[in-house]
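Chain residues, written in single-letter form:
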Amino acid sequence: MAKKVRFTDTALRDAHQSLIATRMSIEDMLPILETMDEAGYHSLEVWGGATFDACLRYLNEDPWERLREIRKHVRKTKLQMLLRGQNLLGYKHYPDDVVESFIERAIKNGIDIIRVFDALNDLRNLKTAVKAIKKYGGHAQMCICYTISEIHTNEYYVNLVKEMEKMGADSIAIKDMAGIITPATTYSLIKDIKSVTKLPIVVHTHATSGIAEMTYLKAVEAGADIIDTAISPLSGGTSQPATESLAIALEELGYETGLDHDKLKEIAEHFKQVKEEFRNKGVLNPKVMDVVPDTLTYQVPGGMLSNLLSQLTEAKKEDKYEEVLKEVPKVRAELGYPPLVTPLSQMVGTQALMNVISGERYKMIPKEIKDYVKGLYGKSPGSISQEMKEKIIGDEEVLDVRPADLLKPEMKNLKKELGDLAESTEDVLMYALFPQLALPYLKKRKDPFCDVPVQNVTVIY
Ligand code: CO
């Protein structure tokens with residue numbers, strides 16, 4: 001029996017989010033969608049993450065319309081999205097009725113596979129989402145957010161996977177959002193996970209540190225079923241490794257990929273032009289292509305490294321860079337080792353920066369850090385010492401229920417607030433997630449003199 005490995009192409013989501021700040025519009029995608037549908041991918045990651053936000057904020061595009069448009073042209077290949085559990089595509093917890101409605105609509109508008117994660121790996125924050133995915137006939141791909149700490153052992157992840165299987169996971173993704181997983185670790189982690197489950201295993205990493213291809217090779221050798229790659233013009237650097245190159249290498253090693261290399265070539269030709277346009281417009285910062293071994297040394301995502309550096313540069317404190325980098329793991333340990341993924345990566349980074357710049361640790365504490373310690377984001381992976389709790393939230397109580405249990409249903413009120421502006425449940429959800437962006441957008445749509453693409457919405461309540 002031939003060994004098989006399948007590919008998920010991230011060109012339409014993670015790759016352009018990582019390289020060109022999610023600025024690709026539907027026009028950049030349309031001419032090539034049908035070819036992508038013919039290329040033999042396991043799935044195309046096309047929605048979620050920052051795409052919804054960027055559609056409204058920068059592209060004057062209805063994100064729902066984008067999804068429907070993609071689905072119209074991609075008839076066979078599965079469409080996939082990334083969802084932050086109870087945070088959906090935003091940065092706070094939403095009530096259960098919003099989460100359920102959002103997932104129902106995402107699936108109805110064309111999504112097949114929902115890759116769902118919680119920044120803290122707190123499974124309570126995935127419960128409602130997974131239930132809804134199953135209810136509406138979607139594929140629930142549950143993620144373990146990969147991070148490194150004394151508590152994040154293989155055993156810890158294996159236990160998570162066992163729980164996820166009980167919750168109804170259809171597949172498991174090892175999500176290495178920071179690009180810090182190493183080939184040997186990947187191999188042993190997948191072997192351990194495979195020993196407790198038959199669910200398909202997907203590996204997601206970023207090429208930032210220069211070892212992603214090795215990581216994928218070891219992943220495949222250990223039995224990974226699917227890997228995330230990006231078509232060559234949108235690959236490498238802070239994005240994923242190149243689809244074509246990995247397919248060639250793995251095929252030579254005897255793996256069947258199911259990919260059609262002629263089609264891949266056509267897809268690459270198209271995105272080469274798209275990339276060129278973004279390069280000419282100055283959207284493609286050449287720095288995103290730098291190899292950054294520091295991500296491995298400091299176990300910090302590449303994006304976080306560059307953010308910290310630019311914040312320090314703005315404050316004319318570039319000389320403090322090393323000091324801040326050393327502060328990050330300390331803060332992380334004190335906060336119970338949260339994985340460095342949105343929004344925790346920004347929060348931990350800001351606290352580390354404040355600790356160094358103010359000259360006194362925890363002299364300044366952002367509200368988000370206080371909320372985190374109070375349990376408003378979920379349970380911290382490791383424990384936070386009593387001393388740290390007192391320093392950060394004084395004698396305030398720590399929450400031990402699922403954060404969304406404290407939220408009341410919201411859909412009805414949101415619909416009322418929008419009144420005539422909402423023509424569909426999709427509009428209400430857009431407003432639920434990004435009120436400041438959705439409101440002007442929906443108003444503009446009502447304005448006959450405003451140039452907004454024609455919407456095909458059906459009124460469903
Ligand atoms: Co990613």
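All of the points below concern the structure found in this document.

Conventions adopted
Residues numbered from 1 in each chain as written. Predicted model: local features only at pLDDT ≥ 70, side-chain atom pairs only at ≥ 80, totals over all residues. Heavy atoms only, no water. Phe/Tyr/Trp six-rings, centres within 6.5 Å; stacked < 30°, edge-to-face > 60°. Buried < 20%, exposed > 50% of the residue type's maximum accessible area, 1.4 Å probe, protein only. Lys NZ or Arg CZ within 6 Å of the ring centre and 35° of its normal. Helix = DSSP H or I, 4+ residues; strand = E, 2+ residues; numbered from the N terminus. Expected span 1.5 Å × (residues − 1). Arc of directions from axis to C-beta. Contact = heavy atoms within 4.5 Å. Donors = N, O, S within 2.8 Å, 3.2 Å for Na, K, Ca; no water. Salt bridge = Lys/Arg side-chain N within 4 Å of Asp/Glu carboxyl O. Polar contact = N/O pair within 3.5 Å; in protein donor to acceptor, adjacent residues only side chain to side chain. Axes fitted to C-alpha atoms, helices over the stretch in contact; angles between N-to-C directions. Parallel < 35°, antiparallel > 145°, perpendicular 65-115°, else oblique. Left-handed = near helix turned anticlockwise from the far one by under 90°. Nonpolar A, V, L, I, M, F, W, Y, C, P; charged D, E, K, R; others polar.

## Topic: the packing of aromatic side chains
For the structure shown, the criterion picks out nine aromatic pairs. Considering the side-chain rings of Trp47 and Phe52, the 5.5 Å spacing of their centres and the 75° angle between planes classify their relative orientation as edge-to-face. Here Trp47 matches Phe52 in class, with each residue buried. Judged by its relative accessible area of 0%, Phe52 is buried. Taken together through their ring pairs, the aromatic side chains of Trp47, Phe52, Trp64, Phe102 and Phe434 make up a single cluster. A cation sits over an aromatic face here: Lys175 above Phe117, 4.8 Å from the ring centre. Looking at Lys281, its charged tip hangs above the ring of Phe278, at a distance of 4.6 Å from the centre.

## A look at helix 21 (residues 435-446)
Taking 1.5 Å of rise per residue, the twelve residues of helix 21 would be expected to cover 16 Å, and the 17 Å separating its terminal C-alpha atoms lies within 8% of that figure. When helix 21 is considered as a whole, its buried residues turn out to be Leu437, Ala438, Tyr441, Leu442 and Arg445. Buried residues in helix 21, looked at end-on, bunch into an arc of 115°, giving them a common side. Here the buried face of helix 21 lies against helix 4 (51-57), helix 19 (411-418) and helix 20 (425-433).

## Remarks on the coordination of the cobalt ion
On the protein side, the cobalt ion has Asp14 (OD), His204 (NE2) and His206 (NE2) as donor atoms, found 2.1 Å from it. Written as a sequence motif, the donor residues of the cobalt ion are D-x189-H-x1-H. On the criterion of sequence distance, the pair formed by Asp14 in helix 1 (residues 11-20) and His206 in the loop between strand 8 (201-204) and helix 10 (212-221) is long-range, its members being 192 residues apart. Relative accessible area serves as the criterion here: at 8%, His206 is assigned to the buried category.

## Some details on the pattern of salt bridges
A side chain of one charge can pair with a side chain of the opposite charge if their charged atoms are brought near each other. This structure, assessed with the given rule, holds 33 salt bridges. Across the salt bridge formed by Glu323 and Lys320, the nearest N and O atoms sit 4.0 Å from each other. Residues Lys330 and Glu327 are paired through a salt bridge, measuring 3.9 Å at the closest nitrogen-oxygen approach. Taken together, the positions of Lys330 and Glu327, both in helix 15 (residues 321-334) and three residues apart, correspond to about one turn of that helix.

## Let's talk about the side chain of His206
At 3.2 Å, the side chain of His206 forms a polar contact with the side chain of Asp14. Of note is the side chain of His206, whose polar atom sits 2.7 Å from the backbone oxygen of Thr238.

## Observations concerning the packing of helix 14 (residues 302-314) against helix 15
Their axes nearest at 10 Å, the elements helix 14 and helix 15 cross at an angle of 135°. Classified by the angle their axes make, helix 14 and helix 15 are oblique. As for how helix 14 packs across helix 15, the hand of that crossing is right-handed. For the pair helix 14 and helix 15, contact is made by Met304, Leu305, Leu308, Leu309 and Leu312 and by Tyr321, Val324, Leu325 and Val328, respectively. Partitioned by chemical class, the residues of the contact of helix 14 with helix 15 number nine nonpolar, no polar and no charged.

That is the geometry; function is a separate question.
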